[in-house]
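Remarks on the overall topology
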Amino acid sequence: MAELGQSATNYEAEVWSLEKAYWEYVKVNDLEKYRALWHEDFLGWPFISSAPVRKDHITDWITANTSKGLKLQSYSIEQLAIRVTGDVAIDYYRIKANWAASETAEARTDALRITHTWIRTHGTWQILGGMSAPVNADGK
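Described below are features of the structure shown in this document. In this numbering scheme, every chain counts its residues from 1 along its sequence in written order. Whole-chain, interface and lining totals are the exception, using all residues; otherwise, since this is a predicted model, local features are given only for residues with pLDDT of at least 70 and side-chain atom pairs are given and counted only at 80 or more. Side-chain metrics rest on all non-hydrogen atoms present in the structure, leaving aside hydrogens and water.

1. What about the overall build of the protein chain?
Applied cut-off: Helix and strand assignments come from DSSP, with helices taken as H or I runs of at least 4 residues and strands as E runs of at least 2, each series counted from the N terminus. Only protein chains enter the calculation, and the probe is 1.4 Å; a residue is then buried if its accessible area is under 20% of its type maximum, exposed if over 50%, and partly exposed in between. Should any heavy atoms of two residues lie within 4.5 Å, those residues are considered in contact. Residue-level accessible areas treat just the shown protein chains as cover; the underlying method is Shrake-Rupley with a 1.4 Å probe. Neither His nor the chain termini are counted; the positive set is Lys and Arg, and the negative set is Asp and Glu. One atom stands in for each charge, and that atom is NZ of Lys, CZ of Arg, CG of Asp or CD of Glu.
Within the protein chain, the secondary structure is distributed over 3 helices and 6 strands. The burial tally for the protein chain puts 34% of its 140 residues in the buried class. Of the contacts formed within the protein chain by residues at least 6 apart in sequence, a portion of 56% connects residues at least 24 apart. Carbon together with sulfur atoms contributes 52% to the accessible area of the protein chain, which is approximately 8200 Å² in total. With 15 positive and 18 negative side-chain charges, the protein chain shows a separation of 4 Å between the mean positions of the two kinds.

2. What about the nonpolar core?
Considering soluble globular proteins, one finds that nonpolar side chains tend to be buried as a cluster. Condition: We define the nonpolar core as a collection of buried residues of types Ala, Val, Leu, Ile, Met, Phe, Trp, Tyr and Cys that are connected through side-chain atoms lying within 4.5 Å of one another.
Core analysis: the biggest nonpolar cluster contains 29 residues, and Tyr 22, Trp 23, Val 26, Tyr 34, Trp 38 and Trp 61 have the highest contact counts within it. Excluding anything up to four places from it in sequence, Tyr 34 contacts Tyr 22, Tyr 25, Val 26, Ile 58, Thr 59, Trp 61 and Ile 62.

3. Things to note about the side chain of Lys 55
Within the secondary structure, Lys 55 sits in the loop between β2 (53-54) and α3 (60-66). A relative accessible area of 16% places Lys 55 in the buried class.

4. Considering the sheet that holds strand β4 (residues 88-100)
Rule in force here: At least two DSSP bridges between two strands are needed for those strands to be called paired.
Here we have 6 strands laid out as an open sheet, ordered β2-β1-β6-β5-β4-β3, and mixed in their pairing. Sheet topology places β2 and β3 (71-85) at the edges, where each strand pairs with a single neighbour. By the bridge criterion, 12 bridges tie β4 to strand β5 (residues 108-121) in an arrangement that is antiparallel. Opposite Trp 99, over in β5, you have Arg 108 as the bridge partner.

5. As for unusual backbone geometry
A positive phi angle, near 55°, is found at Asn 29, a position not held by glycine. Looking at where Asn 29 falls in the secondary structure, it is placed in the loop between α1 (2-27) and α2 (31-36). We note that His 122 has phi near 55°; this positive angle belongs to a residue other than glycine.

What follows is the structure in structure tokens.
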């Protein structure tokens, strides 16, 4: 039983490490590595979309910013909860993302609540589902 608990703890650390890598890929605009984090059967609902999207639209929010000349300058993540059950992990966090200004767009900060559901497949974790929303009036 202790071995199972240790595996879950190790898997939680792996998934959290991948969440941090996700934001580093956004920061350096590495869309190829970013896309590799996502499972082919992904379905999620990003805050910028009026309806859920599939994997072929997961970079839309990044390119919407970069096409205006904005670049992710810095971010801070607040991990709230993570749970691994078998080959499935779910995590919840808040993030503040600071976007640098360009000639055509003003600098801004996004403050979001994010949840991702990860699945372990072929020896790695990939995002299978997710949802994001702005934080509430209290920043929570």
